[in-house]
Amino acid sequence: MPNQPNDRELVDAIRSRTPSRVEWAVRQLYSYKKFVQGFVKADSQGELLGSEFANDVFQEAIVTFLKKVWHTDYEPAEATIGTYLYSICWNLYLKERKRTLNRMARDQEYINRETTEPLQADSLLFEQEQQDISDQILGQLSPADRQLFQWYDFEGKSHQEIGELLQITAQAAKQRYYRAKLELGSLLKKYEVYY
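Read on for a plain summary of the structure. (Residues numbered from 1 in each chain as written. Predicted model: local features only at pLDDT ≥ 70, side-chain atom pairs only at ≥ 80, totals over all residues. Heavy atoms only, no water.)

With that settled, consider the packing of aromatic side chains. Counted under the stated rule, the structure contains six aromatic pairs. Pairing Tyr74 with Tyr84 gives two aromatic rings, centres 4.5 Å apart and planes at 50°, and the pair type is tilted. A residue pair is termed long-range when its members are at least 10 positions apart, and Tyr74 in the loop between α4 (53-70) and α5 (81-112) and Tyr84 in helix α5 qualify at ten residues. Here the two residues Tyr74 and Tyr84 agree in accessibility, since each one is buried. Where Trp90 meets Tyr93, the ring centres are 6.1 Å apart and the plane angle is 35°; that geometry is what we call tilted. In this pair, Trp90 and Tyr93 both sit in helix α5, three residues apart, roughly one turn of the helix. A relative accessible area of 0% means that Tyr93 is categorised as buried. Members of the aromatic cluster, connected to one another through ring pairs, are Phe65, Tyr74 and Tyr84. (Phe/Tyr/Trp six-rings, centres within 6.5 Å; stacked < 30°, edge-to-face > 60°. Helix = DSSP H or I, 4+ residues; strand = E, 2+ residues; numbered from the N terminus. Buried < 20%, exposed > 50% of the residue type's maximum accessible area, 1.4 Å probe, protein only.)

Time to look at the packing of helix α7 (residues 143-154) against helix α8 (residues 159-166). Between two packed helices, the angle of one axis relative to the other and the distance separating the axes together describe the packing. Between α7 and α8, the least distance of the axes is 10 Å, while the angle of their chain directions is 145°. Handedness of the crossing formed by α7 with α8: right-handed. Judged by residue contacts, Leu148, Trp151 and Tyr152 of α7 engage His159, Ile162, Leu165 and Leu166 from α8. Taken together, the residues of the contact of α7 with α8 break down into six nonpolar, one polar and no charged. (Axes fitted to C-alpha atoms, helices over the stretch in contact; angles between N-to-C directions. Left-handed = near helix turned anticlockwise from the far one by under 90°. Contact = heavy atoms within 4.5 Å. Nonpolar A, V, L, I, M, F, W, Y, C, P; charged D, E, K, R; others polar.)

As a further point, take a nonpolar patch on the surface. Side chains of Phe35, Tyr86, Trp90 and Leu94 sit close together on the surface and give an oily, nonpolar patch of about 370 Å² of accessible area. Top contributing element to the nonpolar patch by residue count: α5, with three residues. Judged by relative accessible area, Leu94 falls into the partly exposed class, the value being 36%. (Patch = residues over 30% accessible without salt bridge, like charges linked within 9 Å, V, L, I, M, F, W, Y side chains within 5 Å. Areas by Shrake-Rupley, 256 points an atom, 1.4 Å probe, with all protein chains shown as cover. Salt bridge = Lys/Arg side-chain N within 4 Å of Asp/Glu carboxyl O.)

The residue Arg17 is not glycine, and still its phi comes out positive at about 60°. Residue placement: Arg17 occurs in the loop between α1 (7-16) and α2 (19-29). We classify Arg17 as exposed; its relative accessible area is 52%. Unusually for a residue other than glycine, Thr72 sits at a positive phi of about 50°. Locating Thr72 in the fold gives a position in the loop between α4 and α5.

As a packed pair, α1 and α2 sit with axes 7 Å apart at the nearest point and diverge in direction by 140°. In terms of their interaxial angle, α1 and α2 are classed as oblique. Viewed along their axes, α1 and α2 form a crossing whose handedness is left-handed. Here α1 contributes Glu9, Leu10, Asp12, Ala13, Ile14 and Ser16 to the contact with α2, which in turn contributes Arg21, Val22, Trp24, Ala25, Gln28 and Leu29. (Parallel < 35°, antiparallel > 145°, perpendicular 65-115°, else oblique.)

On to the environment of Ile62. By secondary structure assignment, the location of Ile62 is in helix α4. You can call Ile62 buried: its relative accessible area is 4%. Excluding residues within four positions of it along the chain, Ile62 makes contact with Val26, Leu29, Tyr30 and Leu85.

Taken as a whole and judged by the stated rule, the model has six salt bridges. Across the pair Glu75 and Arg15 runs a salt bridge, and its minimum N-O distance is 3.0 Å. Linking Glu75 in the loop between α4 and α5 with Arg15 in helix α1, this pair joins segments that are 60 residues apart in sequence. Assessed through its relative accessible area of 26%, Glu75 is described here as partly exposed. The exposure class assigned to Arg15 is partly exposed, which follows from its relative accessible area of 24%. A salt bridge links Lys157 to Glu155; the nearest nitrogen and oxygen atoms lie 3.7 Å apart. Its relative accessible area of 25% is what places Lys157 among the partly exposed residues. The exposure class of Glu155 is partly exposed, given its relative accessible area of 43%.

Here's what the structure looks like:
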């Protein structure tokens, strides 16, 4: 194949799905890298995203381009490959730039706050995650063991009161609770959490 393939040759190589031809086409696509990444260097906010960001955007654009070629969403007659890659990179770049600037603004707002309390959304997400893990772990216990934990740990009932509810002695209630606690301990070890 010639050194400077045209767009049709690249698209045909990619659509062939032959590993060696696709690899060859991807290597050819990398010749557009400097052209496509020029806008990152020209953007005054470009340094906020880091030096590797331009490479990441280009690689993601290559993957997106390959998918579009394979699903016949791209034809060389629509636009040149260079122009098409440029538009993919530009859109990815703008999306990430906006996300980064918004995150920086939120961080700055947090720093400027008078209080040292964590952001409400963060604590709510953390509590929800803890609740999900607790539900998952407790869901693996038998209903009888879950009831023992409910009474003893959450409702504060004594072993005597639990024994009366189950119509067993306080000592028997204590033993059942201890066995349930051992079972819970073995489940928690899977999650590297200790009771």
